[in-house]
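Residue-level structural notes
For reference, the chains in residue letters:
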Amino acid sequence: MTDSTIPRLSTATILGYPRIGPDRQLKRAIEGYWAGRLELDDLEVAALELRRSTRARLLALGLGADDGSIPGDFSFYDQVLDVALTVGAVPPRFERLLDADGRLDLPGYFTVARGEGDLAPLEMTKWFDSNYHYLVPEIGPTTPFRLADDRVVSLFLEAAGDGITTRPVVLGPVSFLLLSKAVADDADGAAAPSDFTPLDRLEDLLPVYTELLHALGQAGAPWVQLEEPALVADTWDVPRERVLAAAARAYEVLADELARPERPAILATLSYGGADDAVDVLSGTGVEAVGLDLVRGDVPSAATLAALGDKVVVAGVVSGRNVWRTDLEAALAVLGELDAGLGGRAVAEGRLAVTTSTSLFHVPHDVRVERGLDPELRSWLAFADQKIGEVITLATALTRGRDAVAGELDAAAQARRTRLEHAGVVRPEVRARVAEVAEADYRRPPFADRAPVQAAALGLPELPTTTIGSFPQTTEIRRARAARARRELSEEAYTDAMRTEVRGVVELQERLGLDVLVHGEPERNDMVQYFAENLDGFAVTEHGWVQSYGTRCTRPSILWGDVTRPAPITVGWTRYAASLTTRPVKGMLTGPVTILAWSFVRDDQPLADTATQVALALRDEVGDLEAAGTGIIQVDEPALRELLPLRAADRDAYLTWSVEAFRLATSGVRDETQVHTHLCYSEFGEVIGAIDALDADVTSIEAARSKMEILPAIAEEGFSRGIGPGVYDIHSPRVPSVEEIAELLAAAAAVVPGRLLWANPDCGLKTRRYEEVVPALENLVAAARQVRATL
Ligand SMILES: CN1c2c(nc(N)[nH]c2=O)NC[C@@H]1CNc1ccc(C(=O)N[C@@H](CCC(=O)N[C@@H](CCC(=O)N[C@@H](CCC(=O)O)C(=O)O)C(=O)O)C(=O)O)cc1
Ligand SMILES: N[C@@H](CCS)C(=O)O
Ligand SMILES: [Zn+2]
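What comes next is a walk through the structure. (Residues numbered from 1 in each chain as written. Chains lettered and ligands numbered in written order. Predicted model: local features only at pLDDT ≥ 70, side-chain atom pairs only at ≥ 80, totals over all residues. Heavy atoms only, no water.)

Section: the packing of aromatic side chains
- Per the stated rule, a full pass over the model turns up 14 aromatic pairs.
- When the ring of Phe76 is compared with that of Phe110, the centres are 6.2 Å apart and the planes differ by 85°; the resulting orientation is edge-to-face. Taken together, the positions of Phe76 in the loop between β1 (70-72) and α3 (79-86) and Phe110 in helix α4 (residues 106-114) put the pair 34 residues apart, joining distant regions of the chain. As far as burial versus exposure is concerned, Phe76 and Phe110 are alike and both buried.
- Ring centres of Trp127 and Phe128 lie 4.8 Å apart, and the angle between their planes is 80°; on these two criteria the pair is classed as edge-to-face.
- On the basis of relative accessibility, which here comes to 2%, the residue Trp127 falls in the buried class.
- Aromatic ring contacts, followed pair by pair, group Tyr33, Trp34, Phe74, Phe76, Tyr77, Tyr109 and Phe110 into a single cluster.
- Between Arg51 and the ring centre of Phe74, over which it is positioned, the NZ or CZ distance is 4.6 Å. (Phe/Tyr/Trp six-rings, centres within 6.5 Å; stacked < 30°, edge-to-face > 60°. Helix = DSSP H or I, 4+ residues; strand = E, 2+ residues; numbered from the N terminus. Buried < 20%, exposed > 50% of the residue type's maximum accessible area, 1.4 Å probe, protein only. Lys NZ or Arg CZ within 6 Å of the ring centre and 35° of its normal.)

Quick look at the site of ligand 2
- Of all residues adjacent to ligand 2, which total 13 residues, the nearest are Ile468, Ser470, Glu521, Asp636 and Gly764.
- Within the backbone of Ile468, a nitrogen or oxygen atom sits 3.2 Å from a nitrogen atom of ligand 2.
- A distance of 2.7 Å separates an oxygen atom of ligand 2 from a polar side-chain atom of Ser470.
- Contact with the protein chains removes 99% of the 270 Å² of surface that ligand 2 exposes when unbound.
- Grouping the amino acids of the shell around ligand 2 by side-chain chemistry returns six nonpolar, four polar and three charged. (Near = heavy atom within 4 Å. Polar contact = N/O pair within 3.5 Å; in protein donor to acceptor, adjacent residues only side chain to side chain. Areas by Shrake-Rupley, 256 points an atom, 1.4 Å probe, with all protein chains shown as cover. Nonpolar A, V, L, I, M, F, W, Y, C, P; charged D, E, K, R; others polar.)

A short note on the site of ligand 1
- Around ligand 1 sit 26 residues, and of these Lys27, Asn131, Arg481, Asp526 and Cys553 come closest.
- Contact distances for ligand 1 include 2.7 Å between a nitrogen atom and a side-chain N or O atom of Asn131.
- The side chain of Lys766 places a nitrogen or oxygen atom 2.8 Å from an oxygen atom of ligand 1.
- Compared with its free state, where it exposes 990 Å², ligand 1 has 85% of that area covered by protein.
- Sorting the residues of the shell around ligand 1 by element identifies α1 (25-34), α17 (475-485), β13 (546-549) and β14 (552-554) as the ones contributing at least two each.
- A per-element tally of the shell around ligand 1 places α17 first, with four residues.
- Of the residues assigned to the shell around ligand 1, the class counts are seven nonpolar, eight polar and eleven charged.
- No fewer than three residues from each of domain 1 (25-421) and domain 2 (428-432 + 447-474 + 511-788) sit in the shell around ligand 1. (Domains from an automatic or database assignment.)

Shown next, in the form of structure tokens:
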């Protein structure tokens, strides 16, 4: 029997919840298993306990037990990898890991994620404009698709067994293919034929999704959430019309192939932005509900809303991306506008639900545990658990009227008021300094004039060798920092321990024969948090961990007020390292764009204005480093590409202010001071022009992991400054051989003149172990010497 009515969806839901656990339980369990401290069974038990406690928490916070309002979004590593394995898209190099039924067990899953021996892992790249990184599926012209894994179904049944009807969350087919990398069928990760794109495989993939929906229907799932964030971006290689046609086709098939209740009702979500054309496409299909990001996107036009017909609109009015308390009045106004646009009876008819703009996995769990935060600042914030409260408040206002939540509305308004009025939010002296910034502050003399002055001052060989900054963050370093935080180690003893570490790192680099040394960054818990701890206008959390990739997490800082640098931050460490060697030591800073990208940033002024303030604080630090005798200063901007808007029309404005912020931070130096920058964790081909515009003397850029895919862009754009395309993939424990590195360097030397080429790893070494780093750097130095001799 078919069921044409839409199953009830609670008025309050969330699109997803942090997956790592409030105490990073999943991280600890998985890393314990990797380290051999935990058996596989124990890991499964730890994961089950986390899923259970998460469901219990969401229930306690007020989400419904029986209406699919609790998302089922558990992942051992990454949600994109999960779909790749669900649809059987395991690259051929992992075939020997499959069991007789063609399934991959959990150890095999981790191998695909992290690599092992000669098995290279899937590439990792930025998830939209966030600091989360997903694993990139490899899809070829004949990659076989089949329902290879039923974990989505078993997780639904597990929750159902505990009395909770979840809403399984699965990346939708169009986004899955758009986020995939085209490869040739026969070789692993090799480039695909130039006329092939993974989206070509939609027709082959859809039957697998249909089968999955059928299995979920059989299991009794009332709802499934198919996420289609890729539809809000218009910057794919594939033309927009083709993306929209694919979405139309996909949801026509998925909605029509099976009649409910053979399949769950489909909530198709469009997070990370707004796109009326994508909403229109979904309106034309049989999906039961559409999720909109109304924080990044606008309320759709009247015509688009009207076209939605009787579909449920799941309105993302609570941000999944930042930590500020929601302006509940503004959110209610948006919901009112939506209700009106949907005919005025959407709430009454159960066609309007309240949700988050994205999954909440971009924010920490609970602000109440942050006892170290100033209580006033804390009162301005909402982490995941508080955001669920906001969603429920707004839903209650819709269903029972605003009087039912008058207290919550008042409290939110009061918090906003105290935030706006706080003396640290707008500081006249900071505003005055920004107003005085002049055109000349963004400019250095031409590179062609600086380069010979620097060459003479530094006396480096051709193809100089260097590293990106950090050396392994050993357990001892982290323990020392943790002990300092617990006040078991004095500030003095901690500084001594870190200086000892710096001394070891300098000695090692001298022994290895590197040309430009670093101090190794042992004193930094994180390349952004460390600066946030030393700048005014920022706050940091104790427990605010957010997943960055796999088991790796960061604690994004909170940029809440006007920014200044009360005192030099890095100068002492750099000077100490320099005192131990006669070779040049690079000063090491994190750039303004990256500091913003990896923090939760104030939402009361344009990002560009905040960037200017951070740039000025860094400019002071750059000046002090130079005055202390530092001849090379690196300002890392790994997140430059990350913030690039998902809509083409917004990109120029972003690139203008981000490049200006970098230049403001770095242009106050003398000609002989060599400014370096470093970029990683993204594909930079399309922003090479902007990288050139940063006007850094030398740019080190991740390249080894993607097998030097960046070189053609460097050549085509006529990149005219120093460049170090990475020749050691630091994401893998593998030690690259001298031959391998020499081959990469030779490929780079074919494109870049020898006097501009540097030899360096892809990124910092903080996540690696010395056992890997030492031989890898030995090989890097040997390979550079080999290639240098041929230049
Ligand atoms: C370069 N990357 C970074 C991004 N974003 C950042 N904010 N920072 C980055 O470096 N985005 C892009 C990439 C993403 N890559 C990474 C790479 C590595 C990590 C990582 O290793 N994270 C660590 C935590 C790092 C940290 O903050 N360390 C602190 C606290 C350490 C800790 O957990 N301490 C223990 C106690 C110590 C002990 O007894 O062992 C505790 O608190 O319980 C520090 O060093 O002081 C991770 O483990 O996940 C992230 C992103
Ligand atoms: N200097 C930093 C850059 C990481 S992107 C490091 O070496 O870790
Ligand atoms: Zn890096």
